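Survey of secondary and tertiary structure
So you can see what is in the structure, the chains are spelled out below.
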Amino acid sequence: QLLKEPSKFKIWHAPTYNVGSSPDWVANHLNHIYQKTYSAEVVIGENQVTIKTKIALGGPANPPIIKADVDYIFANDGTLTISFCGDVRENAPTLPRLGIELIMPEGCEQIKYFGLGTIETYPDKFKAARFGEYELTVSENFVHYVRPQENSSHYKTRRVIVGKNGGYGIFVEGAGATKDFSFNASHISAEQLTEKKHDFELENEGKTFFNIDARFTALSEWGELDIDKENPRLFNDKHIEFSFKLSAKEV
């Protein structure tokens, strides 16, 4: 009931005023990523069922941009843990992002999270933000730019829930070695932000696009060097691992 469409891995985000690598993203068809599943194995344990898969993510007429082992662990307590272990193609450009997109039905308007706020934050845009517990709506979360572009993400989030006020929502937190992540919730898809040229052309799509990102590249690819080896500004990793734990909880 909390998903309007099947979940999917997401690499694309709308380009910004800082063009950066976006021409390379388009050349590699990152705006048309599809998943190919090579194998799936079901392993039944005492307190959980695990679906172990081998997948590739890539655009049409291009070699895969990422190949990965992905485990879906369904536990007795009602949680789902998604563990991703993948390798990025050697000649891949700086990637926009990597995470999961959950498309939720209309009415999933409430956001509660612990992380950086209240403004939008990114790996190169967060020093004016403060850690705390924040609550807002999906509509309030959207940042209007005259020319539509990527907006409204929240970097270094520890936990978040998106759902219906007074009802249930999808609660997400890091699992294993994943301490924090970026998230975004919007009524406007990355594809619409890419296509439209003016903010007055944007239309509410009648659903909530809830993105959970393990990595998100800096909006500006210029400036300070990546001196933080654990959290580099640019998504140039050739190997990436992350785990998210999802559950249904009251908002």
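Reading the values: the criteria
- Residue indices begin from 1 for each chain and proceed along its sequence in written order.
- This being a predicted model, a pLDDT of at least 70 is required before a residue's local features are given, and a value of 80 or more before pairs of side-chain atoms are given or counted; all residues contribute to the totals for chains, interfaces and linings.
- Remark: hydrogens and water are excluded; side-chain values derive from all non-hydrogen atoms of the structure.
- Definitions used throughout: a 1 Å grid over protein atoms alone; a cavity as a set of points that fits a 1.4 Å probe which cannot get out; a pocket as an open set with protein on both sides within 12 Å along at least five of seven lines; a lining residue as one with an atom within 4 Å of a point.
- Grid points are joined across faces, edges and corners, and a volume is the space filled by probe spheres set on the points.
- Under the DSSP-based scheme used, a helix requires at least four consecutive residues in state H or I and a strand at least two consecutive residues in state E, with every element numbered from the N terminus.
- Residues are grouped as follows: nonpolar covers Ala, Val, Leu, Ile, Met, Phe, Trp, Tyr, Cys and Pro; charged covers Asp, Glu, Lys and Arg; every other residue, Gly included, is treated as polar.
- Note on contacts: a residue pair qualifies if any of its non-hydrogen atoms lie within 4.5 Å across the two residues.
- What qualifies as a polar contact is a pair of N or O atoms within 3.5 Å, subject to a donor-acceptor requirement within protein and to the restriction that residues adjacent in sequence count only when both atoms come from side chains.
- We define a salt bridge as a side-chain nitrogen of Lys or Arg found within 4 Å of a carboxyl oxygen belonging to Asp or Glu.
- To sort residues, take the accessible area from a 1.4 Å probe on protein chains only and compare it with the maximum for the residue type: under 20% means buried, over 50% means exposed, and anything in between is partly exposed.
- Note on pairing: two strands pair once DSSP finds at least 2 bridges between them.
- To get an axis, a line is fitted to the C-alpha atoms, and for a helix only the part in contact is used. The angle between two axes follows their N-to-C directions and goes from 0 to 180 degrees.
- Between the rings of Phe, Tyr and Trp (Trp by its six-membered ring), a pair exists once the centres lie within 6.5 Å; its type follows the angle of the planes, with under 30 degrees stacked, over 60 edge-to-face, and the other angles tilted.
- Should the NZ of a Lys or the CZ of an Arg lie within 6 Å of a ring centre and within 35 degrees of the ring normal, that charge is described as sitting over the ring.

1. A look at empty space enclosed by the protein
Here the structure, examined in full by the defined rule, presents two cavities of 30 Å³ or more. Considered as a void within the structure, the largest cavity measures approximately 110 Å³ in volume. When contributions to the lining of the largest cavity are tallied by element, the ones reaching two or more residues are strand 6 (97-105), strand 12 (181-186), helix 3 (190-195) and strand 13 (207-216). Taken together, the residues of the lining of the largest cavity break down into five nonpolar, six polar and three charged. In this structure, the second largest cavity encloses a volume near 60 Å³. Tallied by class, the residues present in the lining of the second largest cavity amount to five nonpolar, six polar and one charged.

2. Overview of the environment of Trp 12
Its place among the elements puts Trp 12 in the loop between strand 1 (8-10) and helix 1 (22-27). Separated by 54 residues in sequence, Trp 12 and Ile 66 place their C-alpha atoms 13 Å apart. Beyond its immediate stretch of four places on either side in the chain, Trp 12 contacts Trp 25, Val 26, Leu 30, Asn 31, Pro 96, Arg 97, Ala 190, Glu 191 and Thr 194. Within the local environment of Trp 12, its side chain forms a polar contact with the side chain of Thr 194, the two groups lying 2.9 Å apart.

3. Remarks on the pattern of salt bridges
According to the stated counting rule, one finds 11 salt bridges in the structure shown. Linking Glu 191 and Lys 10 is a salt bridge whose minimum nitrogen-to-oxygen distance equals 2.6 Å. You can see Glu 191 sitting in helix 3 and its partner Lys 10 sitting in strand 1, a full 181 residues away along the chain. By relative accessible area, Lys 10 is classed as buried at 4%. The partner of Asp 71 in a salt bridge is Lys 52, with the nearest N and O atoms 3.1 Å apart. Taken together, the positions of Asp 71 in strand 4 (residues 66-75) and Lys 52 in strand 3 (residues 48-58) put the pair 19 residues apart, joining distant regions of the chain.

4. Here's the deal with the sheet that holds strand 8 (residues 130-137)
Spatially, 2-3-4-5-14-11-10-7-8 is the arrangement adopted by the nine strands of the open sheet, whose pairing is antiparallel. Two strands bound the open sheet, and with one partner strand each, they are strand 2 (34-44) and strand 8. Pairwise comparison of adjacent strand axes, ignoring direction, gives a mean angle of 20° for this sheet.

5. A word on the packing of aromatic side chains
Across all of its chains, the model carries 12 aromatic pairs by this definition. Between Phe 183 and Phe 210, the ring centres sit 6.4 Å apart and the planes meet at 85°, which makes this aromatic pair edge-to-face. Residue Phe 183 is located in strand 12, and its partner Phe 210 is located in strand 13; the two are separated by 27 residues in the primary sequence. Side by side, Phe 183 and Phe 210 carry an identical accessibility label, which is buried. Across the ring face of Phe 171, the terminal group of Lys 249 is positioned such that the distance to the ring centre comes to 4.1 Å.

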